[in-house]
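Chain residues, written in single-letter form:
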Amino acid sequence: MKVPKPEPRPDRVSWWRYLRLFRQDILSAQPARLYRAWMAEFRTPFFRSYMCNDPALVRRVLQERPDDFPKSGRVREGLEPLLGQSVFVTNGEQWKRQRRIIDPAFEGGRLRDTFPAMWAAGEAAVARMPEGVVEVEEVCSHAAADVIFRTLFSIPIEDRDATAVFHAFRAYQRTQPILNLAAFLPLPRWMPRGFRRGTRAAAAEIRRLITAITARRAEEIAAGIAPDDLATKIMVMADPVTGARFGTEEMVDQVAIFFLAGHETSASALGWALWLLAAHPDVQERVAAEAAGMMAEFSALSRLRLTRDVFREALRLFPPVPMMVRETTCPEEFRGRQVAPGAQVVLSSWHLGRHERIWSDPDGFDPDRWAREETKVQARDGWLPFSAGPRVCTGAGFAMAEGVLLLAMLCRAFRFEVVEGRVPVPVAHLTVRAKDGVWLRVVRRGGEI
Ligand code: HEM
């Protein structure tokens, strides 16, 4: 079965049409030639944007000189009401200090500590899974939110506060359904982009709820009774350079991004992975067989080789964060073109993942490609779902463990089948989602494996 791809727009359209397409979805607002181009320049009356697919350019921006390409302020504006000064939006010294405090909590050894909570969330997801024709994105969202709450604050999603945050995020997304990639919009910087009605209120409600949970944790830490989870690890961590810790307000900013970046993205990847497996039942049976003997221990993850390759392939075809935006701060030369300071640099994990000059069979689902030698170079140049360089996703290792584990646990308990006439259409909202959800028939497995 063919892997869905958004219908690209014709090569030349008016700004007005582009704006309308963009409002619907940034993926179908782009022309097909971007799957072959190394670079594309978008000229607007107020600024220029450069989409860079050339691996050497991507490396320059993300890995070689990241300080010269800070996160674009245009993106920050869109997320500010919710994320405040979170590590996702800050730049320079402030960002470096935040990463020094956060990164140790997500390092390999510490990741192992989160495994029991992830396993418990997996068991809960299996227990909650309805049978019959089911919209699985919603189920995945619930499961991923559960993982975040259990690993961060040692509370399951059924907890009253956790449920309230989960619902408040839903409301937020409804008011702000399009990822604010203002870098593409031909509007001057001074023109207010206008938050949709309710966005600020929804963001304020989320922050109020998270503040209460975080303040309670600060008291538990002070009293010496806090559980040793991710929140405690981050809150007690002193910056090795300055010795400073996060105050409650700054921790709230980080919790907001852990929740947003950590649950929306994982849910999107899981939903697509399940669809891909439903569309390729032979691979699904191999995944179920691989998962059959899995034990509740961290080392079990390393034996789930095919499941990991399926998840990697899902992230290549449907990267949850489809594009990242940076800004030039000094004159640059991109592929022989002079680029002025203040230009927007767009790195598209979506286009890189399906780039026709990087991958063989770019639009095909082939998890076995990950066992082939040639994929190493292709992945180095074209697999960017977690970004790269010092600003790489903090939760990349966490997300790979979570995604592979949940996929394995779900496939060993259920068989997923496509529903006729319900091929999901990818659209980029806050993350890459299916336009009308991912609908699958869910059948509980008997004792066949
Ligand atoms: C499949 C799941 C995930 C995907 C695809 C993903 C992807 C990404 C990407 C592409 C970025 C870079 C964005 C940019 O530079 O503009 C990022 C940043 C980030 N992610 Fe993830 N993420 C995932 C899961 C998680 C999880 C589980 C957490 C935390 C629990 C997390 C926390 C963060 C944070 C804090 C940042 C900001 C890092 C910085 O700017 O220094 N992510 N993520």
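The preceding data block contains the structure.
Residues numbered from 1 in each chain as written. Predicted model: local features only at pLDDT ≥ 70, side-chain atom pairs only at ≥ 80, totals over all residues. Heavy atoms only, no water.

Helices and strands together make up the secondary structure of the chain, namely 15 helices and 11 strands. Out of the 449 residues in the chain, the part that is buried amounts to 59%. Pairs at least 24 residues apart make up 74% of the contacts formed inside the chain by residues separated by at least 6 positions. For the chain, the accessible area works out to roughly 18400 Å², and carbon and sulfur atoms hold 54% of it. (Helix = DSSP H or I, 4+ residues; strand = E, 2+ residues; numbered from the N terminus. Buried < 20%, exposed > 50% of the residue type's maximum accessible area, 1.4 Å probe, protein only. Contact = heavy atoms within 4.5 Å. Areas by Shrake-Rupley, 256 points an atom, 1.4 Å probe, with all protein chains shown as cover.)

Bringing the coordination of the iron atom of the ligand into the picture now. Exactly one donor from the protein chain reaches the iron atom of the ligand: C393 (SG), at 2.3 Å. Relative to the helices and strands, C393 resides in the loop between α14 (374-382) and α15 (396-413). (Donors = N, O, S within 2.8 Å, 3.2 Å for Na, K, Ca; no water.)

If you trace the 3 strands from one edge of the open sheet to the other, you get β3-β11-β8, paired in antiparallel fashion. A single partner strand is all that each edge strand has here, and the edge strands are β3 (132-135) and β8 (414-418). Averaged over all pairs of adjacent strands, the angle between their axes in this sheet comes to 40°, without regard to strand direction. Note: β3 against strand β11 (residues 439-444), 4 bridges, orientation antiparallel. From the neighbouring strand, E135 faces β11, where its bridge partner is W439. Across the sheet, α15 lies against β8 and β11, angled at about 90° from β8, the strand it touches most. (Pairing = 2+ DSSP bridges. Axes fitted to C-alpha atoms, helices over the stretch in contact; angles between N-to-C directions.)

By the definition in use, this model includes 14 aromatic pairs. An angle of 70° between the planes, with centres 6.1 Å apart, marks the rings of F106 and F398 as edge-to-face. Separated by 292 residues along the polypeptide, F106 in helix α4 (residues 92-106) and F398 in helix α15 bring together distant segments of the chain. By relative accessible area, which is 6% here, F398 ends up buried. Centre to centre, the rings of W359 and W370 are 6.1 Å apart; their planes meet at 55°, and the pair counts as tilted. (Phe/Tyr/Trp six-rings, centres within 6.5 Å; stacked < 30°, edge-to-face > 60°.)

Moving on: the site of the ligand. In the vicinity of the ligand, 25 residues are found, and the nearest of them are W95, R99, R326, R391 and C393. R99 is positioned with one of its side-chain polar atoms (N or O) 2.7 Å from an oxygen atom of the ligand. Here R391 contributes a side-chain N or O atom positioned 2.8 Å from an oxygen atom of the ligand. At the level of secondary structure, the elements contributing two or more residues to the shell around the ligand comprise α4, α10 (248-279), β4 (323-327) and α15. Here the shell around the ligand gets 5 residues from one element, more than from any other, and that element is α10. Looking at the shell around the ligand residue by residue, the class counts come to 15 nonpolar, 6 polar and 4 charged. (Near = heavy atom within 4 Å. Polar contact = N/O pair within 3.5 Å; in protein donor to acceptor, adjacent residues only side chain to side chain. Nonpolar A, V, L, I, M, F, W, Y, C, P; charged D, E, K, R; others polar.)

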